[in-house]
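Chain residues, written in single-letter form:
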Amino acid sequence: AQKVTQAQTEISVVEKEDVTLDCVYETRDTTYYLFWYKQPPSGELVFLIRRNSFDEQNEISGRYSWNFQKSTSSFNFTITASQVVDSAVYFCALSEARRGNEKLTFGTGTRLTIIP
Amino acid sequence: DTGVSQDPRHKITKRGQNVTFRCDPISEHNRLYWYRQTLGQGPEFLTYFQNEAQLEKSRLLSDRFSAERPKGSFSTLEIQRTEQGDSAMYLCASSLAGTSQETQYFGPGTRLLVL
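As the structure is a computational prediction, the values presented were derived from the model and not from experiment.

(A) Looking closely at the overall build of chain B. Looking only at helices and strands, chain B features zero helices and eleven strands. When the elements of chain B are put in sequence order from the N terminus, they spell out β-β-β-β-β-β-β-β-β-β-β. The C-alpha radius of gyration of chain B comes to 14 Å, within 12% of the 13 Å expected for a compact globule of 115 residues. When its C-alpha atoms are laid out on the principal axes, chain B stretches across 45 × 25 × 20 Å. Taking all 115 residues of chain B together, 49% fall into the buried category. Restricting the contact set of chain B to residue pairs at least 6 apart, pairs at least 24 apart contribute 54%. For chain B, the exposed area adds up to about 5,800 Å²; of that, 45% sits on carbon and sulfur atoms. Of the side-chain charges in chain B, 14 are positive and 13 negative, and the distance between the mean point of each set is 7 Å.

(B) Region of the structure containing the state of the cysteines. What the rule picks out here adds up to two disulfides over all chains. Covalently, C23 of chain A is tied to C92 of chain A through a disulfide, its sulfur atoms 2.0 Å apart. Taking the torsion about the S-S bond as the criterion, the C23 of chain A to C92 of chain A disulfide, at about -65°, is left-handed. In this pair, C23 of chain A sits in the loop between β3 (19-21) and β4 (24-26) while C92 of chain A sits in strand β10 (residues 88-96), placing the two residues 69 residues apart along the sequence. C92 of chain A shares its class with C23 of chain A; the two are buried. Between the sulfur atoms of C23 of chain B and its disulfide mate C92 of chain B the distance is 1.8 Å. On the sign convention where negative means left-handed, the S-S torsion of about -65° between C23 of chain B and C92 of chain B marks this disulfide as left-handed.

Parameters and conventions
Residues numbered from 1 in each chain as written. Chains lettered and ligands numbered in written order. Predicted model: local features only at pLDDT ≥ 70, side-chain atom pairs only at ≥ 80, totals over all residues. Heavy atoms only, no water. Helix = DSSP H or I, 4+ residues; strand = E, 2+ residues; numbered from the N terminus. Rg over C-alpha atoms; globule rule 2.2 N^0.38 Å. Buried < 20%, exposed > 50% of the residue type's maximum accessible area, 1.4 Å probe, protein only. Contact = heavy atoms within 4.5 Å. Areas by Shrake-Rupley, 256 points an atom, 1.4 Å probe, with all protein chains shown as cover. Lys, Arg positive; Asp, Glu negative; His and termini not counted. Charge placed at Lys NZ, Arg CZ, Asp CG, Glu CD. Disulfide = S-S within 2.5 Å.

Structure representation (C-alpha cells):
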C-alpha cells in the first residue's frame, strides 16, 4: 500500500525567510509519481509540480525548489524568500503508474503561515 | 482554457436528505476523479472515470453514494440519505490520460454540511 507522511502539521516563518516542507513516501512500485499541491484559504488545490520516480534531478522554479531523494524516500519542497502570499496548506501526493490510473494518495498537509 | 468547475460551491442539508453535486472537467480531459476532504486531512480518493466508464471505486464509497458520467463529459456525485459524517469538501479533478506528464487539475470543491 502506498502512503505519504507530512510530519510537519504547521509551520510559521517571518516573511523573507526560507522554509522547507518535508514529505516522506512509501510505495512498493518502482515506477511512481510525486506531486505537490497548494491549497489556499479559498480551498482549490493548485498544482505545483510532478516528478517521475526515474528522474532524481532537483528542480527549481522561481522561489520554489524540490529535492527528490529515492534513497530516503523523500520529496521535500523549499520556498526561498517567503512571501505572505505563500501562506496556504501544502500537500504532497503519490501515484503508482502500474495501477493503470493515477489515483493520488495525499499526505495530511502542512499549514504554512508567513508572518509579515 | 477554463479550469474544472463544480456546482454548487456550498450545500447545507438536513440529515436524511439526498444531495447531488456536479463537476465539469477541463474540456479535452478524458479522466475525471472524485475526492473527499475532511477538516485537517488530505483529500481521499472516492472514484474515477475514464470517459463514461467508472473504473474504480474506493471502499469509502458506501452504497449511499453514486457517481455518473453519462456522456464522458460532466459528472454527478449523489449522496442519498445523508449523514452528519458526510460533511466534508468534495473535490473533483480531471486529467488527460496517455500523456507522459498526466496531471490532475482540481476544481474549487463543493463544501457539504449535514445538520
